[in-house]
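Understanding the architecture of this molecule
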Amino acid sequence: MSELVQRPRRLRSTPAIRDLVAESRLDARMLVQPHFVVPGEGVSEPIASMPGIEHQSVDRLVATVERDLELGIRAVLLFGIPDDAEKTPDGRAAFAGDGEVPRAVAALKERFGEELAVMTDVCLCAYTDHGHCGLIRDGRIDNDATLPHLARMALAHARAGADVVAPSDMMDGRVAAIREALDAEGLVHVAIMSYSVKYASAYYGPFRDAAHSAPGFGDRRSYQMDPRNGREALLEAELDAAEGADILMVKPALAYLDVVRDLREAFPLPLAVYNVSGEFSMVKAAAARGWVEERQVVLENWHAFRRAGADIIITYHARQALAGGWL
Ligand code: PBG
Ligand code: ZN
């Protein structure tokens, strides 16, 4: 007779039993698909370092989002990619009312209304000629001079109908500046998803290629967080929550699951993770060589985000996962 009382293997014996006791579940409704919006019409250009992801003009974006909605993707995060000629030292094209992001927001809202949650990235780096996320004075990123610009950019997106604006610049005080500007215009219903804990990460490589937003000199370590720091993440999140952030975010995701867990335990706010471009492209590259099984690896990663405590997963794999019936 067996002396074992606990046999965890009992509940692993069939798919039905495993599914019954699974602690983490995934749902299309928690996924956010990012998009890169470019000027022009009829544009749909693949991004070499991010297989399956494209630069799209507004008309093509609307068609893509329509197909994605049928798959169950109900939230998008928009990044504007202006022509190089639009870039200036202060990145003012970022808050033009007729820029690619406001036009995309308006078109998506007109076509899909409340069916779709439209979120927009708020940051100057794609619009500054030096590629930094803030204005430069005396060779430094000038925090406080950058805030009004970020607020104007968020306003342009909110006026066009964005449901959520998402500042990714990491300037101190930007959530308060944006909240104040929105409220002053009666846009009290527009939510802020703050990239609260955004690390100075090498995992953004493919994105910077895609967004043409690599800094022209230096790096982003004077504003993005040091990957060596975990406690500081709580400080950043606390400030954002106090300034009025509605959703907190940790970015990148995979290398920072301890931070996700810390924020989950410390804050009641919804928590997003950004499964960034480098994380996506590493899986793609390995899968293309047959070194890992793409579907299994992606789901394993997403369950890790869920176990750590994430509510929302921003991922370039959303469309492929749903089209492939992975969930
Ligand atoms: C811009 C921004 C970046 C990302 C989102 N917003 C790049 C950066 O900070 O250099 C990264 C997204 C990704 O890698 O998928 N502030
Ligand atoms: Zn930026």
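Right, let's walk through the structure included here.

Cut-offs applied
Residues numbered from 1 in each chain as written. Chains lettered and ligands numbered in written order. Predicted model: local features only at pLDDT ≥ 70, side-chain atom pairs only at ≥ 80, totals over all residues. Heavy atoms only, no water. Helix = DSSP H or I, 4+ residues; strand = E, 2+ residues; numbered from the N terminus. Rg over C-alpha atoms; globule rule 2.2 N^0.38 Å. Buried < 20%, exposed > 50% of the residue type's maximum accessible area, 1.4 Å probe, protein only. Contact = heavy atoms within 4.5 Å. Lys, Arg positive; Asp, Glu negative; His and termini not counted. Charge placed at Lys NZ, Arg CZ, Asp CG, Glu CD. Axes fitted to C-alpha atoms, helices over the stretch in contact; angles between N-to-C directions. Parallel < 35°, antiparallel > 145°, perpendicular 65-115°, else oblique. Left-handed = near helix turned anticlockwise from the far one by under 90°. Donors = N, O, S within 2.8 Å, 3.2 Å for Na, K, Ca; no water. Tetrahedral: all angles 85-135°; square planar, octahedral: opposite > 155°, others 65-115°. Salt bridge = Lys/Arg side-chain N within 4 Å of Asp/Glu carboxyl O. Nonpolar A, V, L, I, M, F, W, Y, C, P; charged D, E, K, R; others polar. Near = heavy atom within 4 Å. Polar contact = N/O pair within 3.5 Å; in protein donor to acceptor, adjacent residues only side chain to side chain. Areas by Shrake-Rupley, 256 points an atom, 1.4 Å probe, with all protein chains shown as cover. Core = buried A, V, L, I, M, F, W, Y, C linked by side-chain atoms within 4.5 Å. Pairing = 2+ DSSP bridges. Right-handed = clockwise from strand over helix to strand, strands pointing away.

Let's shift gears to the overall build of the chain. Counting its regular elements, the chain contains 11 helices and 12 strands. The C-alpha radius of gyration of the chain comes to 20 Å, within 12% of the 20 Å expected for a compact globule of 327 residues. With respect to the three principal axes, the spread of C-alpha positions in the chain is 80 × 45 × 40 Å. For the chain, with 327 residues in total, the buried portion stands at 54%. In the chain, the proportion of contacts linking residues at least 24 apart, taken out of those at least 6 apart, comes to 74%. A distance of 7 Å separates the average location of the 36 positive side-chain charges in the chain from that of its 48 negative side-chain charges.

Right, let's talk about the environment of Pro89 for a bit. When you line up the elements, Pro89 lands in the loop between strand 4 (75-80) and helix 3 (100-112). It is 32 Å that separates the C-alpha atoms of Pro89 and Ala117, two residues lying 28 residues apart in sequence. With sequence-adjacent residues up to four places away left out, Pro89 is seen in contact with Thr128, Asp129, His130 and Leu135.

Packing of helix 4 (residues 143-160) against helix 5 (residues 174-184) brings their axes to within 9 Å, and their N-to-C directions diverge by 45°. Relative to helix 5, the element helix 4 lies oblique. The interaxial crossing formed by helix 4 with helix 5 has right-handed handedness. Each of Leu147, Leu150, Ala151, Ala154, Leu155 and Ala158 in helix 4 lies in contact with helix 5, whose residues at this interface are Arg174, Ala177, Ile178, Ala181 and Leu182.

Those donors, Cys123 (SG), Cys125 (SG) and Cys133 (SG), are the protein atoms that reach the zinc ion (ligand 2), and they lie 2.2 to 2.3 Å from it. Classification of the site at the zinc ion (ligand 2) rests on its four donor atoms, whose angles at the metal span 100 to 121°, yielding the label tetrahedral. Along the chain, the residues donating to the zinc ion (ligand 2) fall in the pattern C-x1-C-x7-C. Cys123 sits in the buried class, given a relative accessible area of 3%. With a relative accessible area of 10%, Cys125 lands in the buried category.

Let us look at the pattern of salt bridges. Taken as a whole and assessed by the stated rule, the structure comprises 15 salt bridges. In this structure, Arg179 and Asp246 form a salt bridge, with 3.9 Å as the shortest nitrogen-oxygen distance. Of the two residues, Arg179 sits in helix 5 while Asp246 sits in the loop between helix 7 (231-243) and strand 10 (247-251), which places them 67 residues apart along the sequence. On the basis of relative accessibility, which here comes to 13%, the residue Arg179 falls in the buried class. Note on Asp246: relative accessible area 31%, which makes it partly exposed. Between Lys284 and Glu294 there is a salt bridge; the shortest N-O distance is 2.7 Å.

Before going further, it helps to examine the packing of helix 2 (residues 58-71) against helix 3. Any two packed helices are characterised by the angle at which their axes cross and by the distance between the axes. Between helix 2 and helix 3, whose axes approach to 10 Å, the crossing angle comes to 45°. The pairing of helix 2 with helix 3 is recorded here as oblique in orientation. Crossing of helix 2 over helix 3 shows right-handed handedness. Along its contact with helix 2, which presents Val58, Leu61, Val62, Val65, Glu66 and Leu69, the element helix 3 presents Glu100, Arg103, Ala104, Ala107, Leu108, Arg111 and Phe112. When the residues that make up the contact of helix 2 with helix 3 are grouped by side-chain class, the tally is nine nonpolar, no polar and four charged.

Looking now at the site of ligand 1. Taken together, 17 residues surround ligand 1, and among them Lys198, Arg208, Lys251, Ser277 and Tyr316 come closest. Within the side chain of Tyr316, an N or O atom sits 2.6 Å from an oxygen atom of ligand 1. When the free accessible area of ligand 1 is taken as 400 Å², the share hidden by the protein chains comes to 100%. Tallied by class, the residues present in the shell around ligand 1 amount to nine nonpolar, three polar and five charged.

To continue, consider the nonpolar core. Among the nonpolar cores identified, the biggest contains 81 residues, and Leu78, Leu108, Leu182, Leu263 and Trp302 are the most heavily contacted of them. Setting aside its immediate chain neighbours within four residues, Leu108 contacts Leu61, Val62, Val65, Val76, Leu78, Gly113, Leu116 and Val118. Counting residues in hydrophobic clusters, the runner-up holds 30 residues, among them Val38, Val276, Ile312 and Ile314.

Looking at the secondary structure, you find Lys284 in helix 9 (residues 277-288). Of note is the side chain of Lys284, whose polar atom sits 2.7 Å from the side chain of Gln320. The contacts of Lys284, once residues within four sequence positions are left out, are Pro51, Glu294, His317 and Gln320.

Our next topic: the pairing of strand 9 (residues 191-198). Summarising burial for strand 9: eight of the eight residues are buried, a large majority. Pairing geometry for strand 8 (residues 164-167) and strand 9, over two bridges, is parallel. Following the sheet pairing, Val164 is matched in strand 9 by Ala191. At this point the chain moves from strand 8, through helix 5, to the parallel strand 9, and the crossover so formed is right-handed. Strand direction decides the pairing type here: strand 9 and strand 10, joined by four bridges, are parallel. Residue pairing across strands places Lys198 opposite Lys251, the latter belonging to strand 10.

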